[in-house]
Amino acid sequence: MNDAVSGKASVGGHALSPKTRRFLTETRLGHLIDGELVLSADGATMPVIDPNTGLEFVRVAQGGAVEADRAAQAARRAFEDGRWRNLPPMKKEAVLRRLGALLEEHREVLMDLDMLDGGIIRAQTPFFVQFGIDVTNYYAGWPSKIEGAMSPTGANLVVQQVREPIGVCGVIMPWNAPSAVPLGVVAPLACGNSVVLKPAEQTPLTALLFGMLCLEAGVPAGVVNVVQGLGHSVGAALVDHPEVDSISFTGSVATGKRIQAAAAAHLKRVSLELGGKSPQLVFADADIERASMAAAWAVWGHSGQICTAGSRVLVHRSIHDEFVARMVEASRALKVGSCFDADTHVGPVISQQQLDQVSRYVEIGRAEGATVALGGRRHDADGYFFQPTIFTGVRNDMAIAQEEIFGPVMAVIPFDSDDEAWAIANATEFGLAAGVWTRDVVRAHRASQRLKVGTVWVNTYQLNETSVPYGGVKASGFGRSLGAVSIEEFTHVKSVWFNLD
């Protein structure tokens, strides 16, 4: 039992579903290693904070190199004995489909946890949870479709190209979408790999529940392991561990660079998704009403804590003032408050550290000479809340236009020509995504060619689909999740030669 929540019908005043209460009060909130829930060898724990109140509501085990080693060894044994890797494809698919069904059965729990430690507002949690379920169901169909090929050779030779799993995959997840854990785990599973999952220390609960549901669905013990802890201990240990064959990481550029450098010592495969400073380009012929609402929500959604947040809004000078006025008017009426309130539009940022970072960047923007057209200060409430903030008079060389803030802060930049728009949009180290608002189909196609990003949305923003690859270029990282290309991330091709003489 966890004394911090035991016997309570609510946490921090939030009403939770019965399943959520049982999970929090009856589950050993430790690590999932080799099919068992275990505590840290040294007994260490760490708090889980509710960003709606700023208060600790439960503690989980805090692991380190010892737990990372145990999990990696368990994953290696599970991979080598072939319990999962050699399971017939249709049986793998049946297990993964059962996992999708279990996630559906636990939808309310996943939504509660997204609000409770992830800070996602009630209105948005169905979309985040459904995305995790959809990802699971999409990759559930892949084990029977991972095919090889035959290479053309001489008359007496046969060469097979066989696609095989790469082994043990280390997956280091971010905190901004806890219920999207399947995005990092199910594709490696579909390919026959074993996984060691290290969730963000701010949002450890969903990952633990997911690992338990994997076992319930029929994934063999040791194939999916979950180790809670800090990045510099558990994450670093996984990157350095000789039994871990690949690392998938989503997070900051600085951490991504350290991971790539450390993994190079082992020639370890690495996939990085490192965020962005995504531009939205609004041209003079755009549907202003539609574009202004979408541009605002591309930043206010999840309080700007989405990698593709369209936080640089580039607007043609001829419509700049009207466009900004529309965004300010619509945004001024938004309610900032608890995720659990059904009428909340903008929830908290994840932590005190993140709140301080957002506040610091707003002060930097003011000091750089930008003008606050809306917001610009912390919201007067318990918890980690910041007002939706719009800066005008922004130059693209300002810190608020170049650096990822990961908060509800928008920088509006005017432009006068298409060429200037492309130049401003591309003048950043990031290259994750971009939005284009125009009725001109030629301009839209030209934009899709000129923008140096991994995704371009035209007259829409932040749509996703399980079959469509996602990832970035430049400092936004490399590698792709979602779609068929993700299968290539977690397999390698073996060439097998047969001499028929």
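Up top is the structure.
Now for a description of the structure that goes with this document. Numbers given for residues are sequential positions, taken from 1 along each chain in its written order. Given that this is a predicted model, residues contribute local features only at a pLDDT of at least 70 and side-chain atom pairs are listed and counted only at 80 or more, while totals for whole chains, interfaces and linings are drawn from all residues. Neither water nor hydrogens contribute to the side-chain values; these are computed over all heavy atoms in the structure.

**Looking at the environment of Leu32**
Stated precisely, the cut-off is as follows: Runs of H or I in DSSP of at least four residues are treated as helices and runs of E of at least two as strands, each being numbered from the N terminus.
The residue Leu32 is located in strand 3 (residues 31–33) in this model. A C-alpha to C-alpha distance of 29 Å links Leu32 and Phe340, two positions 308 residues apart in sequence.

**Section: the sheet that holds strand 14 (residues 279–282)**
Basically, it comes down to this: We call two strands paired when DSSP finds no fewer than two bridges between them. All axes here are fitted lines through C-alpha atoms, helices being fitted over the stretch that makes contact, and every angle between N-to-C directions spans 0 to 180 degrees. Only heavy atoms enter the contact rule, under which two residues are in contact if any of them lie within 4.5 Å.
Read across the open sheet, the seven strands follow the order 16-17-18-15-14-19-20; overall the sheet is mixed. One side of each edge strand has no neighbouring strand; the edge strands of this open sheet are strand 16 (371–374) and strand 20 (455–458). When strand polarity is set aside, the average angle formed by the axes of neighbouring strands in this sheet is 25°. Alignment of strand 16 against strand 17 (residues 389–392), held across three bridges, turns out to be antiparallel. Counted as the bridge partner of Leu374 is Ile390 from strand 17. Along the sheet face, helix 10 (residues 288–300) touches strand 14, strand 17, strand 18 (409–415) and strand 19 (433–437) and points at about 140° away from the line of strand 18.

**Some thoughts on the side chain of Thr466**
Within the element layout of this structure, Thr466 appears in the loop between strand 20 and strand 21 (477–478). For Thr466, the contacting residues outside a window of four places in its chain are Asp134, Val135, Tyr138, Leu482 and Gly483.

**Points about the side chain of Gln354**
Secondary-structure assignment places Gln354 in helix 12 (residues 352–367). Look past the residues within four positions of Gln354 in its chain and what remains in contact with it is Trp175, Gln305, Val349, Ile405 and Phe406.

**Observations concerning the pattern of salt bridges**
Our working rule: Should a side-chain nitrogen of Lys or Arg be within 4 Å of a carboxyl oxygen of Asp or Glu, the pair is scored as a salt bridge.
Under the defined criterion, the tally for this structure stands at 23 salt bridges. Between Asp81 and Arg83 there is a salt bridge, with its nearest N and O atoms 2.6 Å apart.

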